[in-house]
Amino acid sequence: MFENIVKPIKAISGLLKSKPITFMFPPEMLLTEGFRGRHFFDEDKCRSCRLCERICPNNAIVMVERERDGKKVFHPQIDYSKCCFCGLCVDVCPSKALTFTNFPFLVVFDKKELLYPPDKLGEKPALEMPSPPKIKSIVDWGRSRSLWVLNYMTGCCFIEAVPWVSSGFDMERFGLIAVGSPRHADVLIVGGYVTVKTLRRIIRVYQQMAWPKFVLALGNCPMTGGTYWDSYNTIKNLDKYIPVDVWIAGCPPRPEPIGLAIVEAMFAVQSGYTGKEEKVNKEGGLLEVPPLKEEAGPGEIVLPFGPCHPASGNFDIILRVDGEKVLEAKPNPGYLHRGFEKLMEYRTWWQNIMIVQRVCVLDGASYELAYIGAVEKIAGINVPRRASYLRTIQGELSRIQSHLLNLGFLASATGFRTVMKIAWGDREKILYLLEKLTGARIYHIYNIPGGVRRDMPEDFKSRALEILKYMRKRLKVYDDLCFNNQVFIERTKNIGVLDSETAIRLDVTGPNIRGSGVDFDLRKTSPYEAFDEIEFNVAVGEGGDCYSRALCRRMEMEESLNIIEECLERIPGGPIAERKMKNGRVITPFGPIPEGESLHCIESARGELCFHAVSDGKPRPYRVKIRGPTFDNILVAMPRIMSGVNIADIPVIYWSLDNCPADHDR
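Residues numbered from 1 in each chain as written. Predicted model: local features only at pLDDT ≥ 70, side-chain atom pairs only at ≥ 80, totals over all residues. Heavy atoms only, no water.

K.L.:
Can you lay out the nonpolar core for me, pointing to particular residues and giving the numbers?
P.N.:
Formed by 210 residues in total, the largest nonpolar core has its most connected members in Y80, L188, I317, Y371, F460 and F611. Of all the elements, helix α13 (residues 385–413) adds the most residues to this core, at 12 residues. Among all residues touching F460, those that are not within four sequence positions of it are I393, L397, L433, K436, L437 and L568. (Core = buried A, V, L, I, M, F, W, Y, C linked by side-chain atoms within 4.5 Å. Buried < 20%, exposed > 50% of the residue type's maximum accessible area, 1.4 Å probe, protein only. Helix = DSSP H or I, 4+ residues; strand = E, 2+ residues; numbered from the N terminus. Contact = heavy atoms within 4.5 Å.)

K.L.:
Give a detailed account of the pattern of salt bridges, specifying residues and quantitative values.
P.N.:
Counted by the stated rule, this structure contains 44 salt bridges. R320 is the salt-bridge partner of E328, the closest N and O atoms lying 3.3 Å from each other. What makes E328 partly exposed here is its relative accessible area of 35%. The partner of E558 in a salt bridge is R554, and the shortest N-O contact between them spans 2.8 Å. Here E558 and its partner R554 are both found in helix α20 (residues 546–570), four residues apart, which amounts to about one turn of the helix. For E558, a relative accessible area of 34% puts it in the partly exposed group. (Salt bridge = Lys/Arg side-chain N within 4 Å of Asp/Glu carboxyl O.)

K.L.:
Report on the sheet that holds strand β19 (residues 623–627), specifying residues and quantitative values.
P.N.:
With antiparallel pairing, three strands are arranged side by side in an open sheet as β17-β18-β19. Only two strands of the sheet have a single partner each, and these edge strands are β17 (596–604) and β19. In this sheet, adjacent strand axes meet at a mean angle of 10° when their direction is disregarded. Strand direction decides the pairing type here: strand β18 (residues 607–615) and β19, joined by five bridges, are antiparallel. Counterpart to H612 in the pairing with β19 is K625. (Pairing = 2+ DSSP bridges. Axes fitted to C-alpha atoms, helices over the stretch in contact; angles between N-to-C directions.)

K.L.:
Before we move on, could you go through the packing of aromatic side chains and cite the residues and values that matter?
P.N.:
All chains considered together, the criterion is met by 18 aromatic pairs. The interplanar angle of 65° and the centroid separation of 5.9 Å between the aromatic rings of Y371 and F611 together place this pair among those described as edge-to-face. In this pair, Y371 sits in helix α12 (residues 364–379) while F611 sits in strand β18, placing the two residues 240 residues apart along the sequence. An identical accessibility class is assigned to Y371 and F611; each is buried. Positioned above the aromatic ring of Y116 is the side chain of K120, whose terminal nitrogen or guanidinium carbon lies 4.2 Å from the ring centre. Geometry around Y206 places K213 over its ring, the cationic atom sitting 4.6 Å from the centre. (Phe/Tyr/Trp six-rings, centres within 6.5 Å; stacked < 30°, edge-to-face > 60°. Lys NZ or Arg CZ within 6 Å of the ring centre and 35° of its normal.)

K.L.:
Break down the environment of P255 for me, with residues and values.
P.N.:
Relative to the helices and strands, P255 is located in helix α9 (residues 255–270). Considering only alpha carbons, one finds P255 and C157, 98 residues apart in sequence, at a separation of 9.8 Å. Filtering out sequence-adjacent residues up to four positions away, P255 remains in contact with E160, P163, W164, F169 and R441.

K.L.:
Talk me through α20; I want residue IDs and the actual numbers.
P.N.:
For α20, with 25 residues, the first-to-last C-alpha span of 36 Å sits near the 36 Å given by 1.5 Å per residue. Within α20, 18 of the 25 residues are buried, leaving the element largely enclosed by the surrounding structure. (Expected span 1.5 Å × (residues − 1).)

K.L.:
Please set out the sheet that holds strand β5 (residues 107–108) residue by residue, giving values where relevant.
P.N.:
As summarised here, the arrangement of the six strands in space is β5-β11-β10-β9-β7-β8, forming an open sheet in which the pairing is mixed. On the outer flanks of this sheet lie β5 and β8 (177–178), each paired with one strand and no other. Note that strand β9 (residues 187–191) and strand β10 (residues 214–218) share five bridges and pair parallel. The partner of G191 across the bridge, within β10, is L218. Taken strand by strand, helix α7 (residues 196–208) contacts β7 (148–152), β9 and β10, and its axis lies near 170° from that of β7.

K.L.:
Before we move on, could you go through the state of the cysteines and cite the residues and values that matter?
P.N.:
In total, this model carries two disulfides according to the counting rule given. The disulfide bridge from C360 ends at C660, spanning 2.4 Å between sulfur atoms. Torsion about the S-S bond of the C360 and C660 cystine: about 130°, corresponding to right-handed handedness. Of the two residues, C360 sits in the loop between α11 (352–356) and α12 while C660 sits in the loop between α22 (650–656) and α23 (661–665), which places them 300 residues apart along the sequence. A relative accessible area of 0% means that C360 is categorised as buried. (Disulfide = S-S within 2.5 Å.)

K.L.:
Quick one: what's the story with the layout of surface pockets, residue by residue and with numbers?
P.N.:
One number sums up the size of the second largest pocket: a volume of about 460 Å³. Listed by contribution, the elements that provide at least two residues to the lining of the second largest pocket are β5 and α9. Broken down by class, the residue content of the lining of the second largest pocket amounts to 11 nonpolar, no polar and seven charged. (1 Å grid on protein atoms, 1.4 Å probe; cavity = no way out; pocket = protein on both sides within 12 Å on 5 of 7 lines; lining within 4 Å. Points joined across faces, edges and corners; volume = space filled by probe spheres on them. Nonpolar A, V, L, I, M, F, W, Y, C, P; charged D, E, K, R; others polar.)

K.L.:
Before we move on, could you go through the environment of I258 and cite the residues and values that matter?
P.N.:
Tracing the backbone through its elements, the reader meets I258 in helix α9. Linking I258 and W164, residues 94 residues apart in sequence, is a C-alpha distance of 8.5 Å. Not counting residues up to four positions away in its chain, the partners in contact with I258 are E160, A161, W164, L218 and I248.

Structure follows, in structure tokens:
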């Protein structure tokens, strides 16, 4: 025990001597050349073929009439309040008139400014930092330097707000403090997709905030519905219900534009801006938060854990407690319901590559791999081995970043915010590799039926090996700070115990069942991609408690490093895509695939993930059904192991199970 007390102290001392990993702003962090940022349009190359308009799944592109050499032509106009930067428009452009820059900054005070006609798309983008305005008063200056932020993470975009709490971006150096209560906050950051159920809570949170109050909206969903513009559950204009001061476009936007928005907001406040006129639209009481209807016995209290809780994300658990003891935990899902499986019936097989990653923003690559695998089985496409290796690298990098994210959440829930900041800072290095390989940090949209969109860059291997070596050293730091820390052990050992028999009966999968001692991993039992050629060990724990589940993820990160390293050494040459289907035809972005159905399962970061797809021989799926890992892990198993624990253990158990609300709410 003494050693477990001394090790964290030594680890902290070592970190104090090392170089900090905070990126400067304006950003000096690595931004890859291949990142899919704002478009650039060359009108001299445009053929007016309209393919970009036709392929856009979000209706962000409209062809507008122009005159050229005395003739009428049609050029693309892009509405960046809708664009998800999937790149399908660039892929289908036959003349390459539409290309990508790696420019990520789209920050506006008026969302009408996000409409880019052809002439504006033809201008090379450049970052222009705002000049500091005159200070109106010492009060305004002080207010601009101490903004207290409440993050209401409604959807995908929270994933890129998270880095600002880490050691990578460190929002506190701007004077911004993250708080857990709306009564302490004067800045509300709404991060992504908004449902009716979520909107009720946003309005209530906004009303409780201190004056003056400011709202920043991340991503396209609060502006226009974004990717879910045709979902019945989508709130398409957040500013119809509460004022929004700054809009940040993207799906999701990178962390750097959030920093630019913060700087512009600070300068506005410094010059005397006190927010827009406070108006709230509850549509005649329809958006009032309904009262809790749970019954409590004598001496009992009903408490909500979420949905705007710093340790729950956009998820809600109704707790019935007696003193500090939890008698019953009842999940209250539905804040992120988007109807993915139905939406996929209205998009082509190719367009759905964009939407499937959004089923779980925390590990989107896995959903992309599972969906593409199902399509390829129906189409009868033989994927080149090089593409399979590249997919394996992508999937394991995504597993690492997901586990780092979870480690940060779990550490924060146990009081170790230092570990959270360090883990999330290291996660940036993994996201850099994913961006370098695929063109995006979060939603890669890297795979196409038959292979991948592009090969890895020439310097990817050397850069990856360098970061893998760094990560091996950091795992030892996590051991000393966390897993060999007696306080962390006491907070997680024998807490939230899930025995192996119960885990099997409830269909729990992933690190959660392996933490209960069950050796089950689809990469071994049903190999896919390159796993049949790669040697690795399955991380299996014992005890079935919070500590064991967390330790499994830590061991899995080490195995993932080994898998990636072996893939890089053994990757074969050859093509990266095969387009010919079993019927002899070539698969295209607009074409059909043969009739049939398939079931494809993979091992995601959270467990078994399956796509069941049905084709009736048309360009769109007849039906798609997703078996996600978190439905059983969270909605079925979690309430059982939360019964009888202390209130303080609820966030620890919750994050030890690694919830992804978007997956089970889909």
